[in-house]
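What follows is the residue order along each chain.
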Amino acid sequence: MSSIAFSFLHFNRSFLLLLNLLAAFAYCRVPSTLEGPFHPVTVPFDRSLLGAVDLPPSDPRVRRRVQGFQPEQISLSLSTTHDSVWISWITGEFQIGFNIKPLDPKTVASVVQYGTSRFDLVHEARGESLIYNQLYPFDGLRNYTSGIIHHVRLIGLEPSTLYYYQCGDPSLQAMSDINYFRTMPISGPHSYPGKVAIVGDLGLTYNTTTTIGHLTNNEPDLLLLIGDVSYANLYLTNGTGADCYKCTFPQSPIHESYQPRWDYWGRFMQNLISKVPIMVVEGNHETEEQADNKTFVAYSSRFAFPSEESGSLSTLYYSFNAGGIHFIMLGAYINYYKNGEQYKWLERDLASVDRSITPWLIATWHPPWYSSYEVHYKEAECMRVEMENLLYSYGVDIVFNGHVHAYERSNRVYNYSLDPCGPVHIAVGDGGNREKMAIKFADEPGHCPDPLSTPDHFMGGFCATNFTFDQESEFCWDHQPDYSAFRETSFGYGILEVKNETWALWTWYRNQDSYKEVGDQIYIVRQPDICAVPRSVCGDFTTSI
């Protein structure tokens, strides 16, 4: 072979190699919202994924593994800033039956010993304890009383620091093993937690165990649970469960709630949330209305919330910082109208955010405003009509929801129109619950819901109206809506990694894949130069642009 021919062949091989490398780079490149809006994508449903089976009470992962008043169901949650966390746990066994005797919270102290060395827990904090009861004024329904629930707040912590702790009552020699956690980074435009895991509608099924296993392998620094936690309200008090309560138990005198499912859930989750803080917002399955019209009792009792620290009067809405991110947790099943306390609190909270310190503003609540699935279609329209303009005017960057048991990511949207300054809405109601997955889309022929089926059953009101397309007025699109960028039905969860004050990587993972394999991924990019938002705050909560 001549030297010229050899050189030409070598050039061709090198050129082909370069083309392959460029193609591989283009294939693996993560898109960003700067390239949007994106043409809608729907991934076909894999019918082999149907079905969800509960973990039974006999499963070792949900059985009680402590004795006497030793702590169990240990969990962490954040306060408003890096220097404070809450530690919660339960002592004593729950009781369920016709003749129950509640425990006395005063008999067991609430103590946390902690420090930066596991061999020298030099600090001690004390907190408060409580119990709650689920009582039924009907013959044949068994009552419930919880163990003693403890909440202790640690203050004066250093940012981004590993702390060791044990909790319990040292006077009873009833202390936990030594656990650990890492505090959040200090709030600032260049300071962020490494990974924020986000999941909704978790429940306690074998799908749940896969979700939590995947999620744990991704080593999150913070966990957001966007409503529907234990699904205890899908059970009779004898433990019999159903995907649809009112369908299976039409003769039940009251919507019973099998409270031990909460204890099973707390035991299963302890290995993760005793080390990684969990921040929860309520879903419809946490309502659990009792005979005396009390609601959200188990939810409000079992978790610690930074409500008071963030100026909220309720456990159902609050806010907190995690580095340069300000999170707002809103309640969709409590008054959200402009004349209500939650809306007034939201106005104050938004006005207090300094975007030069916490550039990222993220809001969460349970039912999505933007969903193209048939189930729960436009169900939260009254809340959207009431609150969307306020959130938009303050430049909320991302909205996370659950409720619809599938995954859907939107283009930037405001008032159903594509808007480069609107937030990206992401629904992750696919954690693993026992109810059926959402499969049908409202834009498919024959699957547009009856408009009369969409009122807000919790708050009352009917706000869903028709859309106008050219000269036609319709309740649903006849194709995947422009605001819907990507949708797929599969159990899974997401990880948010904020890189700096303008770029954040969002990744959605599917349970059937390896925890390293990506189901959907995009860089969400803030554009403060084109989207003017309040950046600083004065003492009277007025803002300047």
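Just so it is clear, the structure is predicted and the values come from calculations on it, not from any experiment. (Residues numbered from 1 in each chain as written. Predicted model: local features only at pLDDT ≥ 70, side-chain atom pairs only at ≥ 80, totals over all residues. Heavy atoms only, no water.)

Asks: Where do I start with the overall build of the protein in this structure?
Replies: In terms of helices and strands, the protein carries 7 helices and 31 strands. Relative to its length of 545 residues, the protein is compact, with a C-alpha radius of gyration of 25 Å against a globular reference of 24 Å. For the protein, buried positions account for 56% of its 545 residues. Residue pairs at least 24 apart in sequence account for 71% of intrachain contacts in the protein once pairs closer than 6 positions are excluded. Carbon and sulfur atoms make up 53% of the accessible area of the protein, which totals about 23100 Å². Side chains of the protein carry 38 positive and 60 negative charges; the gap between the two charge centres is 6 Å. (Helix = DSSP H or I, 4+ residues; strand = E, 2+ residues; numbered from the N terminus. Rg over C-alpha atoms; globule rule 2.2 N^0.38 Å. Buried < 20%, exposed > 50% of the residue type's maximum accessible area, 1.4 Å probe, protein only. Contact = heavy atoms within 4.5 Å. Areas by Shrake-Rupley, 256 points an atom, 1.4 Å probe, with all protein chains shown as cover. Lys, Arg positive; Asp, Glu negative; His and termini not counted. Charge placed at Lys NZ, Arg CZ, Asp CG, Glu CD.)

Asks: How should the sheet that holds strand E9 (residues 143-145) be read in this particular structure?
Replies: Pairing between sheet strands relies on hydrogen bonds along the backbone, with the strands arranged either parallel or antiparallel. Strand order across the open sheet formed by 3 strands is E4-E9-E8, with antiparallel pairing between neighbours. Whereas interior strands pair on both sides, the edge strands pair on one side only; in this sheet they are strand E4 (95-97) and strand E8 (133-134). When E8 meets E9, the two strands line up antiparallel, connected through 2 bridges. Pairing of Asn133 across the sheet is with Thr145, part of E9. (Pairing = 2+ DSSP bridges.)

Asks: Sorry, what's going on with the packing of helix H2 (residues 206-217) against helix H4 (residues 260-273) here?
Replies: Describing two packed helices takes the angle between their axes plus the distance from one axis to the other. For the pair H2 and H4, the least separation of the axes is 11 Å and the interaxial angle reads 10°. The orientation of H2 with respect to H4, classified from their angle, is roughly parallel. Contacts between H2 and H4 involve Thr208, Thr209, Ile212, Leu215 and Thr216 on the former and, on the latter, Phe268, Met269 and Leu272. (Axes fitted to C-alpha atoms, helices over the stretch in contact; angles between N-to-C directions. Parallel < 35°, antiparallel > 145°, perpendicular 65-115°, else oblique.)

Asks: What is the right way to look at the layout of surface pockets in this model?
Replies: Regions of empty space are outlined by a rolling probe, equal in size to a water molecule, passed over the atoms. The space that makes up the largest pocket amounts to roughly 1400 Å³. Counted by class, the lining of the largest pocket contains 18 nonpolar, 12 polar and 12 charged residues. (1 Å grid on protein atoms, 1.4 Å probe; cavity = no way out; pocket = protein on both sides within 12 Å on 5 of 7 lines; lining within 4 Å. Points joined across faces, edges and corners; volume = space filled by probe spheres on them. Nonpolar A, V, L, I, M, F, W, Y, C, P; charged D, E, K, R; others polar.)

Asks: Any chance you could explain helix H7 (residues 381-393) here in plain terms?
Replies: An α-helical segment advances 3.6 residues per turn. Residues three or four places apart therefore align on the same side. Taking 1.5 Å per residue, 13 residues should reach 18 Å; H7 reaches 18 Å between its end C-alpha atoms and fits that length. Of all the bends in H7, the greatest, near 45°, is centred on Met387. For H7, the full list of buried residues reads Glu381, Cys382, Met383, Arg384, Glu386, Met387, Glu388, Leu390 and Leu391. At its buried positions, H7 is contacted by helix H6 (341-352) and strand E21 (407-414). Gly395 lies just past H7 and shows a positive phi near 70°. (Expected span 1.5 Å × (residues − 1). Bend = angle between axes of the 7 residues up to and from the residue.)

Asks: When you look at the confidence of the model for the protein in this model, what are you seeing that I'm missing?
Replies: Reading predicted coordinates in detail is not appropriate for stretches of low pLDDT. Confidence in the prediction of the protein, expressed as mean pLDDT, is 91, and 92% of residues score 70 or more. Under a pLDDT of 50 for its full length, residues 1-27 has, in the predicted model, 2 contacts with residues more than four places off or in other chains. A low-confidence stretch, residues 537-545 (pLDDT under 50), is modelled with 18 contacts involving residues beyond four sequence positions or located in other chains. (pLDDT = per-residue confidence, 0-100.)

Asks: What is the right way to look at the state of the cysteines in this model?
Replies: Disulfides are covalent bonds that link the sulfur atoms of two cysteine residues. Taken as a whole and assessed by the stated rule, the structure comprises 4 disulfides. Linked covalently through their sulfurs, Cys244 and Cys247 form a disulfide whose S-S length is 2.1 Å. Between Cys244 and Cys247 the disulfide shows an S-S torsion of about 60°. By sign, it is right-handed. With relative accessibility at 26%, the residue Cys244 sits in the partly exposed group. Shown here is the disulfide that connects Cys448 with Cys476, its sulfur atoms set 2.0 Å apart. Around the S-S axis, the bridge from Cys448 to Cys476 shows a dihedral of about 80° and counts as right-handed. (Disulfide = S-S within 2.5 Å.)

Asks: For this particular structure, what's the right way to read the pattern of salt bridges?
Replies: Any two side chains of opposite charge can pair if their charged atoms end up close together. Under the definition given, this model contains 22 salt bridges. Salt-bridge contacts for Asp513 lead to Arg510; the nearest nitrogen and oxygen are separated by 2.8 Å. Comparing Asp513 with Arg510 shows no difference in burial state: the two are buried. One network of salt bridges, in which partners are shared, links Asp54, Asp243, Arg261 and Arg434. (Salt bridge = Lys/Arg side-chain N within 4 Å of Asp/Glu carboxyl O.)

Asks: Which parts of the structure should I look at to understand the side chain of Thr489?
Replies: Looking at the secondary structure, you find Thr489 in the loop between strand E26 (484-488) and strand E27 (492-498). In this structure Thr489 comes out as buried when scored by relative accessible area, which is 4%. A distance of 3.5 Å separates the side chain of Thr489 from the side chain of Tyr373, its partner in a polar contact. Among the polar contacts listed, one links the side chain of Thr489 to the backbone oxygen of Ala438, at a separation of 2.6 Å. Dropping the residues within four chain positions of it, Thr489 is found in contact with Phe45, Leu49, Tyr373, His405, Ala406, Met437, Ala438 and Ile439. (Polar contact = N/O pair within 3.5 Å; in protein donor to acceptor, adjacent residues only side chain to side chain.)

Asks: Just to check I follow, could you spell out H2 for this structure?
Replies: Helix length check: H2 (12 residues) gives 17 Å between terminal C-alpha atoms against 16 Å at 1.5 Å per residue, within 8%. The set of residues buried in H2 consists of Asn207, Thr208, Thr209, Thr211, Ile212, His214 and Leu215. Buried residues in H2 make contact with strand E14 (196-199), strand E15 (222-226), H4, E27 and strand E28 (503-510). At the C-terminal side of H2, Glu219 shows a positive phi close to 50°.

Asks: Sorry, what's going on with unusual backbone geometry here?
Replies: Trans is the common state for peptide bonds, and a negative phi is the common state for residues other than glycine. In this model, Gly36 is joined to Pro37 through a cis peptide bond whose omega is 0°. Take Pro37: it is sitting in the loop between helix H1 (3-28) and strand E1 (41-42). Positive phi values are uncommon outside glycine, yet Glu219 reaches one of about 50°. Here Glu219 shows up in the loop between H2 and E15. Using a relative accessible area of 62% as the deciding quantity, one classes Glu219 as exposed. Unusually for a residue other than glycine, Asn293 sits at a positive phi of about 70°.

Asks: Looking at this model, I keep getting lost on empty space enclosed by the protein. Mind explaining?
Replies: For the structure on display, the rule yields 6 cavities of 30 Å³ or more. By volume, the largest cavity is sized at about 140 Å³. If you go around the largest cavity, you meet 14 residues; those closest to its centre are Gln73, Ser75, Gly266, Arg302 and Phe303. Mapped by element, the contributors of at least two residues to the lining of the largest cavity are strand E2 (72-78), strand E3 (84-91), strand E10 (148-155) and H4.

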